[in-house]
Amino acid sequence: MKSDRLILRSYARVTAKLKERIASGEFAMGARLPPERELATCYEVSRPTIRETMIALETEGFVSVRPGSGVYVISTRSRLSRAVEKDVDLLELIQARCAMESEACVLAATRISCEQLQRLKCAVEDMRVCHEKDDIIGFEYAERHFHMVIAEASGNAVVSIAIVTLWNIQPFKSQAGVLTNKIISVGGPNGFKNYEEVIASLGLGNGKKASFQLKTYYNIIIDLTLKDMELSAINQVRASIELKRNCYSLEGID
């Protein structure tokens, strides 16, 4: 498991580096990326890690993988940056992810490979390790990777693209970090059991159960988010009333 986590983190690092090189123009539009073996040597990672990177780059619309020919740059920007340019409400975003990903679970249950199941387990283990180390950035990446593997396992390119797009849309700045905090608060006490239940159902080919479990999990996140919003609103009203109380209180009365 330790070596698997290392591969996962290397994959994230290499993906980010290649995105930077593509965006900078080092690899021009239409250019073929270096062979897998050369990239593996350059970044000092294994060839499976490079394959993971190519899948990520293709999913996000940076490259096109042409069997027998190579990997070619088709855009310097992700599909998301070309399609979405605005922030949205967090609750709407969670609802959309839930709807799309729960259906992806149904498709993935009949198609998911042993290798993909292992990657899901590694992602959960990464979340657990990052939670223990208070590594927020690492945690967010591992959590995202979990959902990306399910999207990939669905075997439907359109579903995969839609889920990647939803995961790249940002909530309003005032809501930034809220989702991660809720996920951590739910996962911490139970060791991210919810994710493990989804993996178990996918491994058994039970798409309906996996879909229900994912919906249940997202509903918990939505409920916690609404409770926070409610508490925040109550505190704002209390502060406003206290301000008025101080303003209208009568002083100097014996």
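This write-up is about the structure you can find in this document. (Residues numbered from 1 in each chain as written. Predicted model: local features only at pLDDT ≥ 70, side-chain atom pairs only at ≥ 80, totals over all residues. Heavy atoms only, no water.)

### As for the nonpolar core
- Judged by nonpolar contacts, the single largest core of 40 residues is most densely connected at L120, F146, I150, Y195, V198 and L202.
- Contributing elements (two or more residues each) for this core: α5 (90–108), α6 (114–133), α7 (136–153), α8 (157–168), α9 (178–190), α10 (193–203) and α11 (207–248).
- Of all the elements, α7 adds the most residues to this core, at eight residues.
- Setting aside residues up to four positions removed in sequence, L202 forms contacts with C105, A108, A109, I112, L117, L120, I150 and A210. (Core = buried A, V, L, I, M, F, W, Y, C linked by side-chain atoms within 4.5 Å. Buried < 20%, exposed > 50% of the residue type's maximum accessible area, 1.4 Å probe, protein only. Helix = DSSP H or I, 4+ residues; strand = E, 2+ residues; numbered from the N terminus. Contact = heavy atoms within 4.5 Å.)

### Here's the deal with the pairing of strand β2 (residues 70–73)
- Sheet topology places strand β1 (residues 63–66) next to β2; four bridges connect them, and they run antiparallel. Paired with V65 across the two strands is V71, which belongs to β2. (Pairing = 2+ DSSP bridges.)

### Some points on helix α2 (residues 36–43)
- Buried residues of α2: L39, A40 and Y43, and no others. Buried residues along α2 cover an arc of 100° about the axis, so they all sit on one side. For α2, the exposed residues lying more than 90 degrees away from the buried face are R37, T41 and C42.
- Two residues or fewer after α2 comes E44, characterised by a positive phi angle close to 55°. (Arc of directions from axis to C-beta.)

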